[in-house]
Amino acid sequence: MLITCPYCGPRDVIEFTYQGDGNRERPQPASQDLDAWNAYVYDRLNPAGDHNEIWQHSGGCRSHLRVVRNTITHEILSTEFARGGHKAGGRS
Amino acid sequence: MSPRRAEAGGRIDRLRTIRFTFDGAPYTGHAGDTLASALLANGVTLFGRSFKYHRPRGLLAAGVEEPNALVTVLRGEVREPNIAATMVEIYDGLVAVSQNRTPSLAWDIGAINQLGGKILSAGFYYKTFMGPVIGPLKGTRFWMFCEHFIRRAAGLGRAGTAPDPARYERMNAFCDVLVVGSGPAGLMAAKAAADQGARVILADLEAGFGGSANWSGETIDGMQAADWAQRIVGQLEGNDNVRLLPRTTVWGYYDGNTLAALERVTDHKEAAAKGEPRQRYWAIRAGTVVLATGAFERPLVFPGNDRPGVMLAHAAERYAYEYGVLPGQRIALFTNNDSAYASAVALKKAGAAVVAIVDVRSDVTGDMRRLASEAEAELLTGHAVIATEGGKALSGLKVQRFDAMSGALSGDERSIHADCLLMSGGWSPTIHLASQAGAKAEWDPARQAFLPPKPTQRWPNQHWIGAGAFTGAFSTAEAIAEGRAAGVSAAGGTATPIALPVVEAAPGDPDPAPVFEIKAKGKSFVDFQHDVTAEDVRLAHREGFVSVEHLKRYTTLGMATDQGKNSNVPGLAIMAEALGKPILEVGTTRFRAPYTAVSIGSLAAERFGDLKPERLTPMHDWHIANGARMYSAGLWYRPMIYGHAGETVEQAYVREAKATRESAGIVDVSTLGKIAVQGPDAAEFLDRVYTNMFSTLAVGKARYGLMLREDGLAFDDGTTWRLGEQEFLMTTTTANAGKVMQHLEYFLDVIWPELKVTVTSVTDEWAGAAIGGPNARAILASCVKGTAVDNATLPFMGIVHGEIAGVPVMICRLSFSGEMAFEVYSGAGYGTHVWEALIEAGKPFGLVTYGLEALGTMRIEKGHVTGAEIDGRTTARDLHLDWMLSKKKPFIGSAMMDREGLVANDRLQLVGLIALDNRPLNGGGHVVEQLDEENPHDSLGHITACCYSPALGQYIALALVKGGKARHGTRAFVSDPLRDRFGPVEIVSNHFYDPDGSRMHG
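Keep in mind that this is a model prediction, so the values were computed, not measured.

A word on the interface of chain A and chain B
Here is step 1 of the chain: Across the boundary between the two partners, chain A contributes 24 residues, which contact 18 residues of chain B.
Here is step 2 of the chain: Breaking the side of chain A that touches chain B down by element, the ones donating at least two residues are β3 (17-21), α1 (34-42) and β4 (50-56) of chain A.
Here is step 3 of the chain: Split by residue class, the side of chain A that touches chain B holds eight nonpolar, 12 polar and four charged.

Some remarks on the confidence of the model for chain A
All names here are of chain A.
Here is step 1 of the chain: Residue-level pLDDT values for chain A average 88, and 91% of them are 70 or greater.
Here is step 2 of the chain: Within chain A, the lowest mean pLDDT, 90, falls on strand β2 (residues 9-12), and the highest, 97, falls on β4.
Here is step 3 of the chain: The low-confidence segment residues 85-92, where pLDDT is below 50, has 15 contacts with residues more than four positions distant or belonging to other chains.

Side note on the packing of helix α20 (residues 776-783) of chain B against helix α21 (residues 831-842) of chain B
Helix packing for two helices is described by the angle between their axes and how far apart those axes are.
Residues and elements named next belong to chain B.
Here is step 1 of the chain: Relative orientation of the contacting elements α20 and α21 amounts to 115°, with a least axis distance of 9 Å. As summarised for this structure, α20 and α21 are arranged roughly perpendicular, according to the angle between their axes. Between α20 and α21 lies a crossing whose hand is right-handed. Counting all contacts with α20, which are made through Ile779, Ser782 and Cys783, the residues of α21 involved are Ala837, Leu838, Ala841 and Gly842.

Let's talk about the pairing of strand β34 (residues 665-668) of chain B
All names here are of chain B.
Here is step 1 of the chain: Along β34, one buried face is formed by Gly665 and Val667 and the opposite face, lined by Ile666 and Asp668, is buried too.
Here is step 2 of the chain: Here four bridges tie β34 to strand β40 (residues 766-772), and the two strands are oriented antiparallel to one another. Within the sheet, the bridge partner assigned to Ile666 lies in β40 and is Ile771.
Here is step 3 of the chain: Two strands pair when backbone bridges link them, and β34 and strand β45 (residues 848-849) are joined in this way by two bridges, in the parallel orientation. Across the sheet, the residue bridging to Gly665 is Val848, located in β45.

Comments concerning the domain arrangement of chain B
Residue and element names in this part refer to chain B.
Here is step 1 of the chain: Along its sequence, chain B is carved into domain 1 (13-116), domain 2 (124-153), domain 3 (168-295 + 429-504), domain 4 (330-423), domain 5 (637-671 + 765-857) and domain 6 (673-761).
Here is step 2 of the chain: Taking the mean C-alpha position of each, domain 1 and domain 3 sit 29 Å from one another.
Here is step 3 of the chain: In this complex, domain 1 contributes five residues to the contact, which on the side of domain 3 involves five residues.
Here is step 4 of the chain: Here the side of domain 1 that touches domain 3 is composed, by residue class, of two nonpolar, one polar and two charged.

Quick word on the sheet that holds strand β6 (residues 76-81) of chain A
Strands pair in a sheet through their backbones, by hydrogen bonds, and they do so in one of two ways: parallel or antiparallel.
Here is step 1 of the chain: Taken together, the four strands give an open sheet; going across it, the order is β3-β4-β5-β6 (chain A), and neighbouring strands pair in antiparallel fashion. Unpaired on one side and paired on the other, β3 and β6 of chain A mark the two borders of the sheet. Averaged over all pairs of adjacent strands, the angle between their axes in this sheet comes to 30°, without regard to strand direction.
Here is step 2 of the chain: Judged from the three bridges that link them, β3(A) and β4(A) form a sheet pairing that is antiparallel. Considered in β4(A), the bridge of A:Asp21 is made with A:Glu53.
Here is step 3 of the chain: Sheet contacts for helix α19 (residues 737-751) of chain B: β3, β4 and β5 (64-70) of chain A; angle to β5(A), the most-contacted strand, approximately 80°.

What counts and what doesn't
Residues numbered from 1 in each chain as written. Chains lettered and ligands numbered in written order. Predicted model: local features only at pLDDT ≥ 70, side-chain atom pairs only at ≥ 80, totals over all residues. Contact = placed C-beta atoms within 7 Å. Helix = DSSP H or I, 4+ residues; strand = E, 2+ residues; numbered from the N terminus. Nonpolar A, V, L, I, M, F, W, Y, C, P; charged D, E, K, R; others polar. pLDDT = per-residue confidence, 0-100. Axes fitted to C-alpha atoms, helices over the stretch in contact; angles between N-to-C directions. Parallel < 35°, antiparallel > 145°, perpendicular 65-115°, else oblique. Left-handed = near helix turned anticlockwise from the far one by under 90°. Buried ≥ 20, exposed ≤ 12 C-beta atoms within 10 Å, placed from the backbone. Pairing = 2+ DSSP bridges. Domains from an automatic or database assignment.

Here is the structure:
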């Protein structure tokens, strides 16, 4: 699998660390809504198809990237810096 | 001359004789021989014993698909089992032994299993080892009892126990076109792609390039096919943009056109040259892959088809043409297709007598009749072999009239005297890599084979093109045409018509008769390596296994080391017949990586042994020079003890810890993770990350901090120093430095991108020394310039900047040992300089150096936690760190940490243990209320760390015990059946020593 880092260019997956489902929405820090926290901490989407994920280029520039990956074909459809905002906008 | 070696011919070097042994007996062969061809030349017919029935087995094939002739190769103490003799190139001094026989290959006691055929049928394990309902061998215990004996009786080679001294290496390679297989199709593809200017890698699992050209006996462009192949190889060799990889098996096809290959660099040599690895693992990223992997000839399924001397037709042709070895003097052939006729002619030309060609088809073409008469063979059309005769070698066979439409046998049996029977059941393209890449094979009723589909759009990351026999194009002329087209297209060019090499080959129709099995009395093998018979397949069907996946698992068909390279299609055909369905509807299983067995060493490569990275602290050489015994902690090396002559480890750490508490000790703490946290929002960020408050921390002060994970469990601890209004130096545990860094980066990048903070790992920039004990301050006072270190200037958790021996240092007063202690940080390059100055200053005070053991001892005495207690299952409360949970602000984990299960009273909580029998305790030992050495049960928890405490004069431990806090002062037992350690303990507070901290504050 090759992931194109916006800084570093196309790099082998071995340089990246999977940092989880990119669709999770973290509740406000002071929120006491346990259901929302539970969903954030434990619930993961597991689609057969395009998936919004967070990857860190840990063996490179260390940026976190928002990656859309097809879980069936392992095709990387898009990558961008995660810093653009936490809330996932779906396909980018 | 050896008995079966022809006077001339073959592509071996007859001038070079090579000596080797097999099962202890000395043999000779020639350069270019495989173990199989050399033994065959010496008249050896018996190569192995079969998996279940211990039947004598000979060579079936000549290549990678060989299921029978598995051997173990010995190199010194190292044994490598289950290698096909056909893939072992001989070298002087090669030592190979046969497998699965006791006491010898010729006289094998396990052969008695042949009498138990009915019992040892499919599903044997499942049916036989359901133990009785009660008693000592109830349920699965019966299986566990029997397993020991069965594993010895059934099976393959024995793995070695000696460490593998070989070196392995990993290479990353990139190319425009990877060509897998170097037969005529692969050679043409590589040549065409290279001519287009593409970067090409050509890999072949054999020692030489050329594939079928090396043994086909055909003529290409007026020369021997093998010579033509060598000419193309020569042209490729001269090309800068081509890399040739012989002895390289491409075994895996992964996402994004990444392929894994194993190059056997020195397995064929007596010894590796300096710097040469034994094997090289290639990760190849290819723009396009040309799959020119050829096809395997299929065996026919008939009684006695596994007797030594029964061989695949093309394999015999290959032994004759490539190695100059005749597998027999009187050869018979049994076929359902035309390709065996060319084999008959080839063997006749090589000097064998071809006594008969038995063809299941009632009629054959005039071309085939002409080939049969050229081979001077009796042609028996409409016949089938129904039995073979002989013991450890073939002596004859029986044939009978056969109707290919109905499968019925009729007429009288007729015996034919032969010492070799060649069979050809049609050809199966080697579609493994395409299948791994996601392609679904399609059954072609004409070819009677699973053919690869056209590459589909469903797998946008996989770009492959097939060529030659791989696509079902079995003739060399087609292979050459397809190979060229594939090469040009893979290189992104457009094929212009050119004159292709002209092939002269025997005629023949590639389509076989749809006959897979001759049903007659006796065991007919489908899977030779796993001893699966046709009857086993039908039994599985009768017992209700209808899907091919279930069939495979129940009968173990195709699950041996050869992964069914010979047996898949015949097995499916028999299953399809039993189901009354066409093969098309039954389908096939998907092939998985690896294509052939891959050594674990090659996968580990440089991650193991002398190429593994190591991290050394700046003072490493000093430690070594001063008698430290080192200890690996992750990638780090840290002093364990600085032992004196004659001291045990325990004596050394007790002395070090004692001296520290009595006067002073110094320890290297450079390995602690250090992260610079800087920026206008640094304090706010730390408030969110740590459970306690950091925004209130004054500049020039440090604070102990605790981090939780999002789920509320404890994550890491350490001190963080405020060096400026917007600048902090965070320390983490050694083990978690990387994880904490990643955690911080994640929150800054993904969750709180609005915070103006940067984090930088500075672990390697600082050398750290912790100096503690009653005299620590006096030692510092005597060597630190530029600052006072008295209580007013440097209070507990205070930070000062000064100089030691001319080097700027930063000193923080904090304590892990429980003594008055200071951490002295300097630039990493000056670490040893400062360390030596501190040692010098400490001399009048009897300063000792101490290692991790003494560090651990003092922290256990103090009840401080480390990774052994912050184990990913404990909460702050479990570790009595709830005083650190701020109520004034949310922080990572604050919302989740109060969940019911995380605040329950019966959770495992940190306690101290004192051994009441004055014997050492062991980490991992369990704590129980009732001691039951025979049947240990009801664990209350476990020991996380243990030591002899010089301060207490007792063996003590930290433990996580259910409801531990309420058990202080009570009696329990340790129960450690693995190490046979049982005994009484007292549960106490984890703060064994100086619980109010007067020593470190004092």
